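Listed below are the residues making up each chain.
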Amino acid sequence: MAMPSRLGGTIPLLLLLCAEAVPAAEPTAPGVTKDRIAFAQSGCFTGACGTTGLRYRAGIRAAFHERNLGGGVRGRILRLTSRDDAYDPETATANAARFAADRDVFAVVGGLGTPTALRMAPILRRAGVPFVGVLTGASFLRDRARFPNVVNLRTGYAEETRKLVAHMYGRLGARRFGVIYQDDAFGYSVLANYRDALKALGLPILAKASYSWHSHTIHGTLFVLEKADLDVVLMAATTSNVASAIDAARSFGHNFVFGMLSIVDLDRIAGRLERRFGPAVATRVLPDVRDASNALVKRFRSALAAFRAAAPEAEATADASSLEGYILGRFVIAVLERMPGAPDREAFLETALASGPFLIDGWEIGFADGGNAGSDYVRLVEFAAAMAEDGTRKAVSQ
């Protein structure tokens with residue numbers, strides 16, 4: 001009787017039995033292991049927008065730190081690796097390419113700026129990497145068909161400009177509008193939004209002037225506008241340049257109303273001005289970070305204080321930028337909690353953009369079917385023309 005072949009009989013059977021007895025390892029997505037989920041960020045941490053970028057990052061890290069103290073999400077610790085792009089599109093492009101090729105990146109969160117997002121979004125889309133919570137309201141990112149990997153949490157510039165212009169037209173009686181805009185993708189995007197908002201009221205832009213964000217040419221824009229006899233100058237500019245424009249205008253004797261968007265840090269402007277702030281109106285897209293009665297603000301301040309104690313070197317100041325970062329971190333955590341099984345990129349995006357709101361201590365983020373914009377909240381802050389006797393600037397209405 002022939003013996004069974006050792007190669008064709010007994011050993012293959014044993015291997016088959018062993019394969020059935022030992023469960024297969026759970027497949028994981030890029031950036032996901034059994035004990036952590038890795039996120040990446042390209043942001044402006046140096047230069048003119050460095051303070052905003054550092055505080056935005058601190059808010060994200062505060063949310064992650066808060067959750068990690070409780071063991072993370074289903075036992076996975078959340079990690080954030082950040083790379084500075086200094087608001088430079090070329091550097092942001094290189095960072096995005098690196099993230100797209102890195103098997104240790106699950107998603108990219110917390111970008112800052114329209115010009116950088118314009119370069120990063122296509123690279124991350126082609127690689128299937130989620131791009132979440134960019135600090136910009138640019139309209140092109142709110143096209144889900146074009147960028148199915150992008151998740152926007154803040155209100156778009158189109159909604160901000162519509163409400164700002166309507167307020168100035170209706171409440172202030174303004175009819176003569178001019179625009180100062182930054183000579184880049186951010187400025188062009190907001191200029192188009194202002195044009196649309198005014199067109200809806202049957203009004204043109206009577207005068208406009210551009211400046212380069214990294215130079216000191218914004219003063220010259222006022223000479224271009226001064227012959228138009230304007231009621232309002234709408235700004236598509238960053239914090240330091242808005243402050244320079246206001247100071248220059250007041251020194252020249254111009255009393256027109258300045259209109260500015262949520263991207264501008266009002267506290268930093270007030271601290272830099274040599275002359276009076278108002279009249280001015282600004283949009284805000286978040287709760288007031290000083291409102292201690294707000295449940296989200298209260299928890300944010302507690303989480304930020306705990307993070308500051310753990311990382312004293314961080315720029316962990318409680319302001320609108322760090323609050324926005326904290327909301328982003330909490331949103332990412334909420335999405336991960338809703339996902340069944342091990343996280344993967346496709347399921348993350350599907351869960352994030354599904355209909356039905358996310359409530360973060362009462363703050364609602366919700367996406368209409370087919371959309372990728374999670375908020376349309378706008379409030380207005382109006383500043384009086386006069387400075388208080390103690391030298392501080394005061395908001396007269398909100």
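Check the entry above for the structure.
All of the points below concern the structure found in this document.

About the criteria used
- Residues numbered from 1 in each chain as written.
- Predicted model: local features only at pLDDT ≥ 70, side-chain atom pairs only at ≥ 80, totals over all residues.
- Heavy atoms only, no water.
- Phe/Tyr/Trp six-rings, centres within 6.5 Å; stacked < 30°, edge-to-face > 60°.
- Lys NZ or Arg CZ within 6 Å of the ring centre and 35° of its normal.
- Disulfide = S-S within 2.5 Å.
- Buried < 20%, exposed > 50% of the residue type's maximum accessible area, 1.4 Å probe, protein only.
- Pairing = 2+ DSSP bridges.
- Helix = DSSP H or I, 4+ residues; strand = E, 2+ residues; numbered from the N terminus.
- Contact = heavy atoms within 4.5 Å.
- Axes fitted to C-alpha atoms, helices over the stretch in contact; angles between N-to-C directions.
- Salt bridge = Lys/Arg side-chain N within 4 Å of Asp/Glu carboxyl O.

A separate point is the packing of aromatic side chains. For the structure shown, the criterion picks out twelve aromatic pairs. Three or more aromatic residues joined by ring pairs form one cluster here, namely Phe39, Phe64, Phe106 and Phe348. In this arrangement the basic side chain of Arg175 is found over the ring face of Tyr169, its NZ or CZ atom lying 3.7 Å from the centre. Its end group placed over the ring of Phe358, Arg338 keeps NZ or CZ at 3.7 Å from the ring centre.

For the structure shown, the criterion picks out one disulfide. With a sulfur-sulfur separation of 1.8 Å, Cys44 is cross-linked through a disulfide to Cys49. Torsion about the S-S bond of the Cys44 and Cys49 cystine: about 100°, corresponding to right-handed handedness. Comparing Cys44 with Cys49 shows no difference in burial state: the two are buried.

On to the sheet that holds strand β1 (residues 36-43), then. Spatial strand order, β2-β1-β3-β4-β5: five strands in an open sheet with parallel pairing. Edge positions in the open sheet fall to β2 (77-84) and β5 (150-151), since each of these has one partner strand only. Here two bridges tie β1 to strand β3 (residues 107-109), and the two strands are oriented parallel to one another. Paired with Ala40 across the strands is Val108, a residue of β3. Across the face of the sheet, helix α11 (residues 320-338) comes into contact with β1, β2, β3, β4 (131-132) and β5 while running at roughly 145° to β1.

It is worth spelling out the pattern of salt bridges at this point. According to the stated counting rule, one finds 15 salt bridges in the structure shown. A salt bridge links Glu324 to Arg154; the nearest nitrogen and oxygen atoms lie 2.7 Å apart. Here Glu324, found in helix α11, pairs with Arg154, found in the loop between β5 and α5 (157-170); they are 170 residues apart in sequence, far enough to count as distant. Assessed through its relative accessible area of 5%, Arg154 is described here as buried. Ionic pairing is found between Asp288 and Arg290, a salt bridge with its closest N-O pair at 3.0 Å. According to the relative accessible area criterion, Arg290 is exposed, its value standing at 58%. By sharing partners, the salt bridges in this structure join Glu66, Arg299, Arg330 and Asp361 into a single network.

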